[in-house]
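# What the coordinates show
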Amino acid sequence: MKSAPFDYYAPQTLEAAVALLSRFDREGVDAKILAGGQSLLPMLAMRVARPQVLIDLGKVSGLDYIRQERDTIAIGAMTSKRSAEDSSLVRDRQPLFHAATKLIGHQQIRNRGSVGGSFAHADPASEYAAVAVAQDMQIKVFGPDGERLIPASEFFVSYMTTSMAGTEVLTEVRMPVLPTGSGWAIQEFARRKGDFALAGVAVTLRRANGLCADVRISAFGVSATAVRFPAAEAMLRGQAPSPELFARAAAAARESLDEPMNDIHASADYRRQLVKVLTGRCLAEAASRAA
Amino acid sequence: MMTKQRTRITVNGLRYEREVEPRLTLADFLRHELHLGGTHVGCEHGVCGTCTVLVNGRSARACLTLALQADGTEVTTVEALRDRATGQLHPIQQAFVDEHGLQCGFCTPGFLMTTLELLRDNPDPSDAEITEALGGNMCRCTGYQSIVASVRLAARRLRETHGA
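Residues numbered from 1 in each chain as written. Chains lettered and ligands numbered in written order. Predicted model: local features only at pLDDT ≥ 70, side-chain atom pairs only at ≥ 80, totals over all residues.

### As for helix α12 (residues 268-289) of chain A
All names here are of chain A. For clarity, the cut-off: The helix count covers DSSP runs of H or I at least four residues long, the strand count covers runs of E at least two residues long, and both are numbered beginning at the N terminus. To estimate how far a helix should reach, multiply one less than its number of residues by 1.5 Å. Here a residue counts as buried when 20 or more other C-beta atoms sit within 10 Å of its C-beta, as exposed when there are 12 or fewer, and as partly exposed otherwise, the C-beta atoms being derived from the backbone. By the criterion used throughout, residues are in contact when their C-beta atoms, derived from the backbone, lie within 7 Å.
If you check α12, its first and last C-alpha atoms are 31 Å apart, about what 22 residues at 1.5 Å a residue would give, namely 32 Å. Listed as buried for α12 are Arg 271, Leu 274, Val 275, Lys 276, Leu 278, Thr 279, Gly 280, Cys 282, Leu 283, Ala 286 and Ala 287. For α12, the secondary structure elements touched by its buried residues are β11 (183-189), β12 (199-208), β13 (211-220), α10 (230-236) and α11 (243-255).

This is how it looks when you write it as structure tokens:
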């Protein structure tokens, strides 16, 4: 379980990192960005990935921050998940992202694993991806042509695949603060705490005049990317919350799952069932929190 | 390919400087370069937790950290627990002895280091908090109950020592 050999660079600036990526891209050398390494290093150890070059962002300053910019929370790519977990700003203003963080791996992993790394890695079981697509998060990347913002809905393309170019570096994730009075919930099912979820669901909703409003439901661990459930969301909009309504919406979420993953960990049918059960539970939990 | 590079790491208060292959993990650096065998290596891909050390005071899997990534950091390993002058075990180690928190001992260094971080952050953890904190460490002997009891005992003794 030792990694294959690779060359290692630790640039001190983003510009230098992008210059290295561009050079290796031109030369046809397989170079990868190393952030916290908590997903990449296991892949190297198992030789699922064998890049020729690692470019470590650990020496690049200015990528470790959590700050509020009006109604947005901006988190630097190299901020550890532990920092997000310990942040009162994240806990108070984007509690769904905070709860998602606590579901990731174990303390040792969250101490070193970066927020940006999880997005760039794009694992189908990523809790962050489900929060991102449902909360209209934006991902900031920096490349040879400068900076650009990618909406989460366009960022995650497929298994471990994003719409970032090979010469771009993820620098920041941006999330709207959760509107006051919003209810939220995230639940997942994993064989052991900290394992990859077989399926998970994230929900936010508000109540307007006692009726469900701004309902957002997404799932992770079931398809190539996190998925949203517009049909189930539409069933709830403008309706009075009730266990029967939530059960119908959960069934709709299950039905709209198009060919979920089917592997040794769980069958497609089992994942469908988990999505239904977790959606129902998350809707009830979120509604109980909504003002 | 694989040009050796310099890394400077402070381990248990001593500064070391070595030229290492980029693929060398911190775990192998500690064991093979510094001959500190207390940090054990189990799965080598971040699942078992036996290689847990503290990096800048935070628990980390030494198998998921490159020695080059640890450049400039302060690393604490299980060797730092025992009092060098008196040879006395650290209260956490003594609690694991007293509550039978180990049998074969292979996983123990990781549990000890995880517990060290836990009790610094939270001197009076509930059983649920102990279980949560130890979730990233595997033990195939004890069934975990005696480990939880060990951590509970260590927490109590450390609180008494510090008058908390």
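### A short note on the pairing of strand β2 (residues 31-34) of chain A
All names here are of chain A. Here is the rule: Between any two strands, at least two bridges found by DSSP are needed for them to pair. When the strands point away from the viewer, a crossover counts as right-handed if the path from the first strand over the helix to the second runs clockwise.
Burial along β2 is two-sided: Ala 31 and Ile 33 and Lys 32 and Leu 34, pointing in opposite directions, are all buried. Two strands pair when backbone bridges link them, and β2 and strand β3 (residues 53-56) are joined in this way by 4 bridges, in the parallel orientation. Paired with Ile 33 across the bridge in β3 is Ile 55. With helix α2 (residues 40-45) bridging β2 and the parallel β3, this β-α-β connection has right-handed handedness.

### Structural notes on the domain arrangement of chain B
Residues and elements named next belong to chain B. How we decide: Marked domain ranges trace back to an automatic or database domain assignment.
With domains assigned, chain B is organised as domain 1 (5-80) and domain 2 (91-161). Placing the centre of domain 1 and that of domain 2 at their C-alpha centroids yields a distance of 22 Å. Each side of the interface is counted separately: domain 1 has 13 residues, and domain 2 has 12 residues. For the side of domain 1 that touches domain 2, the elements supplying multiple residues, two or more each, are β3 (52-55) and β4 (58-61).

### Examining helix α3 (residues 108-121) of chain B
Between its terminal C-alpha atoms α3 of chain B stretches 20 Å, which fits the 20 Å expected from 14 residues at 1.5 Å a residue. Considering only its buried residues, α3 of chain B is in contact with β3, β4, α2 (91-98), α4 (127-133) and α5 (145-161) of chain B.

### Focus: the domain arrangement of chain A
All names here are of chain A. Filter applied, for reference: Three categories are distinguished: nonpolar for Ala, Val, Leu, Ile, Met, Phe, Trp, Tyr, Cys and Pro, charged for Asp, Glu, Lys and Arg, and polar for the others, with Gly belonging to the last.
Under the domain assignment, chain A is made up of domain 1 (7-59), domain 2 (66-176) and domain 3 (183-289). Contacts between domain 2 and domain 3 engage 19 residues on the former and 21 residues on the latter. If you list the elements that add at least two residues to the side of domain 2 that touches domain 3, you get α5 (95-102), α8 (127-134) and β8 (156-158). Sort the elements by how many residues they give to the side of domain 2 that touches domain 3 and α8 lands first, with 6 residues. Along the lines of polarity and charge, the residues of the side of domain 2 that touches domain 3 split into 14 nonpolar, 4 polar and 1 charged.

### Regarding the interface of chain B and chain A
Between chain B and chain A, the contact holds 24 residues from the first and 25 residues from the second. Looking at the side of chain B that touches chain A, the element that brings in the most residues is β4 of chain B, giving 4 residues. Here the side of chain B that touches chain A is built from residues that sort into 8 nonpolar, 11 polar and 5 charged.

### Regarding the confidence of the model for chain B
Our working rule: Confidence of the prediction at every residue is given by pLDDT, a number between 0 and 100.
Residue-level pLDDT values for chain B average 96, and 98% of them are 70 or greater. The complex prediction reports pTM at 0.97, with the ipTM value standing at 0.96.

### A look at the sheet that holds β13 of chain A
Residue and element names in this part refer to chain A. Selection criterion: Simply put, an axis is a line fit to the C-alpha atoms, just over the touching stretch for a helix, and the angle between two N-to-C directions goes from 0 to 180 degrees.
The antiparallel open sheet is built from 4 strands, whose spatial order is β11-β12-β13-β14. Strands at the two margins of the open sheet, each flanked by one partner only, are β11 and β14 (227-228). Pairing between β13 and β14: 2 bridges, direction antiparallel. Bridge pairing in β14 links Ser 218 to Arg 228. Running at roughly 20° to β11, α5 makes contact with β11 and β12 of the sheet. Contacting β11, β12, β13 and β14, α8 crosses the sheet at an angle of about 145° to β13.

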